[in-house]
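The residues making up each chain are set out below.
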Amino acid sequence: MRISVYTSCALNYLPKARALAESLRSFHPDIRITLCLNDTLPDWLEIDQEPFTQVWTPADLGYDRAWIFEHNVMELCTAVKGRALKRLLDSEDAEMIAYLDPDVFLFHALDPIDTYLGSASIGLVPHILSPEETDLGVRLTEMSVTEHGVYNLGHLFVRPDANGRAFADWWASRLDRYCYDERERGLFTDQRWVDLAPAIFDGVR
């Protein structure tokens with residue numbers, strides 16, 4: 001399976017993103033890894049020495065400074081994920097685009113994901129898989145999931161087919177306008193939007 005991976009962070013998470021890249025290459029030596037680096041690039045940073053195939057800033061994705069400064073750092077690092085996904089679906093020679101958070105570290109190759117997804121276009125990772133049995137569990141876990149989102153968007157798998165591209169177009173448009181941590185409005189960065197995906201797109205697993 002040809003897979004291309006991207007991640008997104010600010011400079012404070014760069015060491016973790018490097019560790020993610022190192023773990024990816026230990027199982028997939030030729031994998032292409034894109035870093036969305038949402039920060040001003042410092043003089044000491046030598047991009048060509050970093051373990052990434054390419055590094056994109058928000059400006060590289062077409063965002064201007066006014067848009068950038070409407071967001072806090074968590075909102076910014078999640079808001080760029082939609083446009084980056086769209087660009088990767090168009091530009092990468094890959095059978096799947098995977099987003100992994102920068103603080104993820106691999107202990108196994110990614111190949112089983114292809115089998116697990118089967119013919120599905122969009123792979124989502126739920127926060128929970130079974131109901132809580134106690135009131136404390138309901139309050140600490142289930143209510144947290146309803147507030148923050150059913151799916152953990154630290155992991156996302158999208159195939160470059162019609163369903164995957166339709167999802168990416170929709171998700172990117174929502175994140176461009178509404179990627180905020182405003183839970184009183186039903187928003188939690190990129191995650192709450194994807195609660196809707198299984199209802200409005202085909203090929204979601």
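Preceding block: the structure.
Caption draft 1: Quick peek at the packing of helix H4 (residues 81-91) against helix H7 (residues 162-178). Here H4 crosses H7 at 150 degrees, and the two axes come no closer than 7 Å. As summarised for this structure, H4 and H7 are arranged roughly antiparallel, according to the angle between their axes. Crossing angle aside, the handedness with which H4 passes H7 is left-handed. Counting all contacts with H4, which are made through Lys 81, Gly 82, Arg 83, Leu 85, Lys 86, Leu 89 and Asp 90, the residues of H7 involved are Gly 164, Arg 165, Phe 167, Ala 168, Asp 169, Trp 171, Ala 172, Leu 175 and Asp 176. Grouping the amino acids of the contact of H4 with H7 by side-chain chemistry returns seven nonpolar, two polar and seven charged.

Caption draft 2: Inspection of the sheet that holds strand S5 (residues 122-126) at higher detail. Strands sit in the order S3-S2-S1-S4-S6-S5 across an open sheet of six strands; the sheet is mixed. For this open sheet the edge positions go to strand S3 (54-56) and S5, each flanked by a neighbour on one side alone. The sheet shows a mean angle of 20 degrees between the axes of neighbouring strands, direction not considered. Examined bridge by bridge, strand S2 (residues 32-37) and S3 share three bridges and lie parallel to one another. Each residue of the ladder has a partner; that of Cys 36, found in S3, is Trp 56. Strands strand S1 (3-9), S2, S3, strand S4 (96-100) and strand S6 (151-158) of the sheet are contacted by H4, whose axis makes an angle of about 155 degrees with S1. Contacts from H7 reach S1, S5 and S6 within the one sheet, and its direction differs from that of S6 by about 140 degrees.

Caption draft 3: Structural detail: the side chain of Ser 8. Looking at the secondary structure, you find Ser 8 in strand S1. Ser 8 gets classed as buried once you look at its relative accessible area, which sits at 4%. At 2.6 Å, the side chain of Ser 8 forms a polar contact with the backbone oxygen of Cys 77. In this view, Ser 8 contacts Cys 36, Asn 38, Cys 77, Val 80, Lys 81, Tyr 99 and Pro 102; residues no more than four positions away in its chain are not counted.

Caption draft 4: View of helix H6 (residues 135-148). Counted at 1.5 Å a residue, the expected span for H6 with its 14 residues is 20 Å, and the 19 Å between its end C-alpha atoms agrees. Of all the residues in H6, the buried ones are Gly 137, Val 145 and His 148. Those residues of H6 that are buried lie in contact with strand S8 (187-188) and helix H8 (191-194). Immediately downstream of H6, the backbone of Gly 149 shows phi near 125 degrees, a positive value.

Caption draft 5: Quick peek at H4. Among the residues of H4, Lys 81, Gly 82, Ala 84, Leu 85, Leu 88 and Leu 89 are the ones counted as buried. Taken around the axis of H4, the buried residues stretch over an arc of 160 degrees, which confines them to a single face.

Caption draft 6: Seen up close, the layout of surface pockets. For the largest pocket, the calculated volume is near 390 Å³. As for the largest pocket, its lining consists of 21 residues, and the residues nearest its centre are Ser 8, Met 74, Cys 77, Thr 78 and Asp 101. Listed by contribution, the elements that provide at least two residues to the lining of the largest pocket are S1, helix H3 (73-79) and S6. Considering each element in turn, the lining of the largest pocket owes the most residues, four residues, to H3. Considering only residue class, the lining of the largest pocket consists of ten nonpolar, seven polar and four charged.

Criteria and cut-off values
- Residues numbered from 1 in each chain as written.
- Predicted model: local features only at pLDDT ≥ 70, side-chain atom pairs only at ≥ 80, totals over all residues.
- Heavy atoms only, no water.
- Axes fitted to C-alpha atoms, helices over the stretch in contact; angles between N-to-C directions.
- Helix = DSSP H or I, 4+ residues; strand = E, 2+ residues; numbered from the N terminus.
- Parallel < 35°, antiparallel > 145°, perpendicular 65-115°, else oblique.
- Left-handed = near helix turned anticlockwise from the far one by under 90°.
- Contact = heavy atoms within 4.5 Å.
- Nonpolar A, V, L, I, M, F, W, Y, C, P; charged D, E, K, R; others polar.
- Pairing = 2+ DSSP bridges.
- Buried < 20%, exposed > 50% of the residue type's maximum accessible area, 1.4 Å probe, protein only.
- Polar contact = N/O pair within 3.5 Å; in protein donor to acceptor, adjacent residues only side chain to side chain.
- Expected span 1.5 Å × (residues − 1).
- Arc of directions from axis to C-beta.
- 1 Å grid on protein atoms, 1.4 Å probe; cavity = no way out; pocket = protein on both sides within 12 Å on 5 of 7 lines; lining within 4 Å.
- Points joined across faces, edges and corners; volume = space filled by probe spheres on them.

Any link to function would need more than the numbers given here.
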